Amino acid sequence: MDSIGSDFEACRRLFGEHGVELPVERWAREVCGNTDGYDALFALLPAPGANPARVAGAAHARPDGSPPEEAPDRYLWTRLKALWKELQVPENVPLMPGVRELLTRLADSGVRLAVASSADRHWVLRWLGHYGLTELFDTLVCGDDVPRRKPAPDVYTEAARRLGVPPARCLAVEDSLTGIAAARAAGMRVAAVPTTYTRSLDYGVADAVLTGLFELGDELLHELFREDDHV
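Only a predicted model underlies this, so the values are computations on that prediction, with no experimental measurement involved. As a convention, each chain's residues are numbered from 1 in the sequence order in which they are written. Under the rules for a predicted model, residues below a pLDDT of 70 receive no local features and side-chain atom pairs below 80 are neither given nor counted, while totals for whole chains, interfaces and linings still include all residues. In computing side-chain properties, one takes all heavy atoms of the structure into account and sets aside hydrogens as well as water.

Moving on, we come to the environment of Leu106. Inspection of the secondary structure assignment puts Leu106 in helix α5 (residues 99-108). Only protein chains enter the accessibility calculation, which uses a 1.4 Å probe. A residue is then buried if its area is under 20% of the maximum for its type, exposed if over 50%, and partly exposed in between. Residue Leu106 is classed as buried on the basis of its relative accessible area of 11%. Leu106 sits 111 residues away from Gly217 along the chain, and the two C-alpha atoms are 9.4 Å apart. Here, two residues are considered to be in contact whenever any of their heavy atoms come within 4.5 Å of each other. Contacts of Leu106, omitting those with residues within four sequence positions, involve Val111, Leu113 and Leu221. In this description a helix means any DSSP run of H or I spanning at least four residues, a strand means any run of E spanning at least two, and both kinds are numbered starting from the N terminus.

Set out below in structure tokens:
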């Protein structure tokens, strides 16, 4: 699923409520795919009491428009979650083009598949179920299944363990620098598929950079693993 657009829009609106423009490249580099990145993003905002008018329309604000009686970070998290709930609906969380065809082809070929996500399991199951993809995966490893989320390698090392495949024989498909760092730290090869919001970033650490999932065919897979000492 491509939830990047809705996440960015939620963060952009949150910043707009405080009269601040969200730096797109910084969001893409530090927040996209990184659940620990939001606190650093919040630090770019003025304290809620700095200009009460900016938060007049925010959830849980007082009737007079002054900020709520809660810690600034807690208030910002509350508001961001409300924006996620509003924006992360099917029309804003589409499948990436070609993903169903790719997954079906790989599964039919006997390739073992896993989800390795920093998101909580309930979120992952919601969207896999919505698009009817759950049964294509052999295992799901989510952020609340492991001690550390991306960019730590935990979800990837656990996914490889459950699949019974050495990390060096796994290919991670990622759209964020955070995810690429996690997969590389786990010892996996990585195919990057940048999105509209992340295309300006340097994906040089990936083994391959694709313009779309349609490029991930047998020829590229063989190319990525042809020099693998473990073959």
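Let's shift gears to the sheet that holds strand β4 (residues 189-192). Think of it this way: DSSP has to see at least two bridges between two strands before they count as a pair. Spatially, β3-β4-β5 is the arrangement adopted by the three strands of the open sheet, whose pairing is parallel. Among the strands making up the open sheet, the edge pair consists of β3 (171-174) and β5 (208-209). Where β4 lies against β5, two bridges are found, and the strand directions are parallel. Bridge pairing in β5 places Ala192 opposite Val209. Whenever a helix is involved, its axis is fitted only over the stretch in contact; in every case the axis is a line through C-alpha atoms, and angles between N-to-C directions fall within 0 to 180 degrees. Docked against the sheet, helix α8 (residues 177-185) engages β3 and β4, running at close to 165° with respect to β4. Those strands touched by helix α9 (residues 218-225) are β3, β4 and β5, and its axis lies near 120° from that of β3.

Here a Phe, Tyr or Trp ring, Trp counted by its six-membered ring, pairs with any other such ring whose centre lies within 6.5 Å, and the pair is stacked when the planes are under 30 degrees apart, edge-to-face when over 60, and tilted otherwise. A full pass over the atoms with the stated rule returns nine aromatic pairs. Centre to centre, the rings of Phe42 and Trp77 are 5.4 Å apart; their planes meet at 80°, and the pair counts as edge-to-face. Placement of the pair is Phe42 in helix α3 (residues 37-42) and Trp77 in helix α4 (residues 72-87), with a sequence separation of 35 residues. You can call Phe42 buried: its relative accessible area is 4%. Where Trp127 meets Tyr131, the ring centres are 6.4 Å apart and the plane angle is 25°; that geometry is what we call stacked. In this structure, Trp127 and Tyr131 share a single accessibility class: buried. Cluster of aromatic residues (ring-pair linked, three or more members): Tyr38, Phe42, Trp77 and Trp84.

Let us now look at the environment of Leu136. Among the structural elements, Leu136 can be located in the loop between α6 (121-130) and β2 (139-141). By relative accessible area, Leu136 is classed as partly exposed at 23%. Spatially, the C-alpha atoms of Leu136 and Asp108 are 9.3 Å apart, while their sequence positions differ by 28 residues. With residues up to four places along the chain from it excluded, the contact list for Leu136 reads Leu103, Thr104, Ala107 and Leu113.

Let us now look at the confidence of the model for the chain. One rule of thumb: low pLDDT means the predicted coordinates there are not for detailed reading. Taken over all residues, the pLDDT of the chain has a mean of 86, while the share at 70 or more is 87%. Counting contacts from residues 50-70, a segment whose pLDDT is below 50, to residues more than four positions away or on other chains yields 34 contacts. Confidence scores per residue from the predictor, reported as pLDDT, run from 0 to 100.

Our focus in this paragraph is the environment of Arg100. You can see Arg100 is positioned in helix α5. On the accessibility criterion, Arg100 (33% relative accessible area) is partly exposed. Sequence separation of Arg100 and Gly132 is 32 residues, and the distance between their C-alpha atoms is 9.3 Å. Dropping the residues within four chain positions of it, Arg100 is found in contact with Leu95, Tyr131, Gly132 and Leu133. We call two N or O atoms a polar contact when they sit within 3.5 Å, provided that within protein one can donate a hydrogen and the other can accept it, with sequence-adjacent residues counted only if both atoms are side-chain atoms. Only 2.9 Å separates the side chain of Arg100 from the backbone oxygen of Tyr131, close enough to count as a polar contact.

Soluble, globular proteins show a tendency: their nonpolar side chains are buried together. Each nonpolar core is a collection of buried residues, namely Ala, Val, Leu, Ile, Met, Phe, Trp, Tyr and Cys, held together in the definition by side-chain atoms within 4.5 Å. Among the nonpolar cores identified, the biggest contains 40 residues, and Trp27, Leu80, Tyr156 and Met188 are the most heavily contacted of them. Elements that contribute at least two residues to this core include exactly α1 (4-17), α2 (24-30), α3, α4, α7 (154-163), α8 and β4. One finds Leu106, Val115, Leu221 and Leu224 within the second-largest nonpolar core, a separate group that totals 28 residues.

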